[in-house]
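Summary of structural features
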Amino acid sequence: MAYLIKQNPQSVRFNLSFMMIPIMVFFISCDVTNDVSEDDWLIPRFEIRDGGPGQDGIPSIDNPDFDPVGAINFIPDNRMIIGVKFEDEIRAYPHQILDWHEIVNDQVGNKSFAIQYCPLTGTGMCWNREIDGSVTEFGVSGLLFRNNLIAYDRNTESNWSQMQLRSVHGQHSGLNVETYPVVETTWETWKKLYPNSKVHNTNTGHVRNYTSFAYGSGYSTNHNDLLFPIQNHDDRLRNKVRVHGIIGSENLDLEPTVKVYVINDFGDGVKLIEDTIDGNNYVIIGSGEYNFAAAFLLETTSENSTQFSAVQEQLPVVMQDNEGNSWDIFGYAVDGPRQGERLTAARSYTGYWFAWADFFPGLEIYEMTEE
Amino acid sequence: MILRFSSILLLSLLLCIGQIYAQTCSCAGAPLISSQSTGASSAGNLLLGITYEYHDISSLYSGSTLLEDETVTRLTQSVLFEVNYGITDKFSVSGTFSYVDKDRTTGLHTPSGGTTVNTAGLGDGVFMLRYVIHQQSIWEQYHLAVGAGTKAPIGTTSLTRNGFAMNADMQPGTGAWDGVLWSYAAASFLPHTTLNLFLVNSYRQTGSNDRFTEGDSYRFGNELVSNLGISNQLIGNLSFILSLRYRSTNSDQLNNNRMPNTGGKWISIIPNLSYPISDTISARLSGQIPIYQKLNGTQPTTTFAVSGSLFFNFNKNNNGFDYGLPN
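Residues numbered from 1 in each chain as written. Chains lettered and ligands numbered in written order. Predicted model: local features only at pLDDT ≥ 70, side-chain atom pairs only at ≥ 80, totals over all residues. Heavy atoms only, no water.

**Quick look at the pairing of strand β4 (residues 80–86) of chain A**
All names here are of chain A.
- Taken across its seven residues, β4 has seven buried, putting it largely inside the fold.
- Of the two faces of β4, the one holding M80, I82, V84 and F86 and the one holding I81, G83 and K85 are both buried throughout.
- Bridge count between β4 and strand β16 (residues 183–186): four bridges; the pairing is antiparallel. Pairing of M80 across the sheet is with T186, part of β16.
- Here six bridges tie β4 to strand β5 (residues 89–94), and the two strands are oriented antiparallel to one another. Paired with K85 across the two strands is I90, which belongs to β5. (Buried < 20%, exposed > 50% of the residue type's maximum accessible area, 1.4 Å probe, protein only. Helix = DSSP H or I, 4+ residues; strand = E, 2+ residues; numbered from the N terminus. Pairing = 2+ DSSP bridges.)

**Looking at a nonpolar patch on the surface**
All names here are of chain B.
- On the surface, Y85, I87, F91, V93, L129, Y131, I133, Y142, L144 and V146 cluster together into a nonpolar patch covering about 790 Å² of accessible area.
- Elements with a contribution of two residues or more to the nonpolar patch: β7 (91–106), β9 (125–134) and β10 (142–152).
- By secondary structure assignment, the location of Y131 is in strand β9. (Patch = residues over 30% accessible without salt bridge, like charges linked within 9 Å, V, L, I, M, F, W, Y side chains within 5 Å. Areas by Shrake-Rupley, 256 points an atom, 1.4 Å probe, with all protein chains shown as cover. Salt bridge = Lys/Arg side-chain N within 4 Å of Asp/Glu carboxyl O.)

**Here's the deal with the sheet that holds strand β24 (residues 317–321) of chain A**
Residue and element names in this part refer to chain A.
- Across the sheet, four strands lie side by side as β23-β24-β25-β26; this open sheet has antiparallel pairing. The sheet is open, and its two borders are formed by β23 (308–310) and β26 (333–335), each paired with just one other strand. Averaged over all adjacent pairs, the angle separating strand axes in this sheet is 40 degrees, with direction ignored.
- Pairing geometry for β24 and strand β25 (residues 326–328), over three bridges, is antiparallel. Residue V317 lies in a different strand from β25, and its bridge partner there is D328. (Axes fitted to C-alpha atoms, helices over the stretch in contact; angles between N-to-C directions.)

**Here's the deal with the sheet that holds strand β18 (residues 242–247) of chain A**
- Pairing within the open sheet is mixed, and its four strands lie in the order β28-β18-β19-β29 (chain A). Looking at which strands have only one partner, the edges of the open sheet turn out to be β28 (348–352) and β29 (364–365) of chain A.

**Observations regarding the nonpolar core**
All names here are of chain A.
- Counting 105 residues, the largest nonpolar core has F113, I115, W190, M319, W356 and F360 as the members making the most contacts within it.
- Examining the composition of this core, we find that six residues originate from one element, helix α5 (residues 353–359), more than from any other.
- I246, Y261, I263 and L297 belong to the second-largest nonpolar core, a separate cluster that totals 13 residues. (Core = buried A, V, L, I, M, F, W, Y, C linked by side-chain atoms within 4.5 Å.)

In structure tokens, the structure reads:
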């Protein structure tokens, strides 16, 4: 009369006693609620929802396969990809793949990472898969918090809130995840940025309609199309406006300042913003025309005294500094005395406005000024 | 002649009962009883039926394309219990109750081999009042009946996993009051052939509920089911019923927003074998073989279904049937 959870499935069940059940149903209560676990969560339990497919019902990709940009023909120019760069290895993961799998467990050299994309909140990130000294895989838990992906790690079954960038339940509860910079932009822009990169192809080990949309073609643009209720409405922007946000501190209990930058407001060309959040200095680079944004934390004294400026028409180089360095969109110095060094990624990512506002009520919106 | 006609009437009754199928919602959700039998067609007749159905919902489709996916399996087992009673020769009432057991195994591709979640509980019930417009007789060999009723949310909708309300498609009940319209038409062609032709339609106008997740209003899509079929005697008393089923459902809605990957259109073949064990007891074996589906988005759907039934028909008069002799 209750639900059971069983590892190692029995896909076919046939209960002979089942035929006796209808006689019983007239004499028994229909209250069959059972709970297995009452473990503590760091997020309000009543806001956690069963998204429907169940744990790993949305299958992660654990053996990704790539083709060169030139061999890819299933991505329209206006659809989005998430790109990463580790040294000279540059890879792109199309939303068309991520829509159906949400997590790709990948590796470059000895760097193990997971691309995580939540189609409902439009948030894409790259997480370090090495946690407490051991490499894990991430999977889709089937649970959502404020419309957003809750991942789980397969070593400990701890649950992780994607947008909170931390484990919220289980053995790793409270642990922040290390992220790597990503570039989320259109396929058209990506081809300009990195025409020689590798792109995740449709050989995923699963069969899906990768030319379609998992949540409908209008989900990313229809401001009224939301699957689950919003707890914290904020009508300063329309729901599906894409913003790049920075979380001012790793410790969410300190209620850090959160500030978002509207990607379209970066306008044509490349625009650079220097900003201070909770005492830390950041450089934010973005383009409405090319549809991307990225943010870097200036950690050292020298970085804080460095003067950065935007670079036009030299993608993927997007900025330079007064020391003669050129920096690409992933924060690598590609030319100059600091060549090969990398700026520290801010705790930042791009997503829909409604999700940012729901997770971080009262957040600030950066007011762009016309230059 | 009268004996043959009696057999055909019994067969008709069985084939109509054969429409008591658990209609699984587009997202492999709670079985919804959307088609009912014509039930007891004479005053004082009592008909009891019990059906067990095994429904494999592991096929994954995108639109009308089968996706060879081996990461998830779904199985729904249902038991339906039906009571029909003829108030008069024209009016009858029926109640159908269900018990539902669901298995969902996900993550078959993972090193752990996956996780199976099982839910079980009382399903919803359907209560109908039916009216026979025209009773089949030897002289006028067609039957027309209509009905209306409700699907009552008596099923379980509060099952949780780790304290979280499970999704609507894993709950045994739907939690909503639905309106049901139903019609049945049949014709036989004695003495030329013992073949019987029938058409059963049902329409379910769904209501919404907020019982799955606090603050959420969930509404399964409206459903139309049509069965067009034939029946005949096969060998001795063994009869077959073969029908083509068309089923269409709208997308589900959550808080008035259309739920992606729900709803669609299905066409299936429904083969039946029926056998009267005695004057009052008959048995039926049935199957469901999907032949075409066009689904909204990507969703799991029927691979196959099989069911077995026993029916108990208690006639007020031992000689049973109304021969419809002309006045």
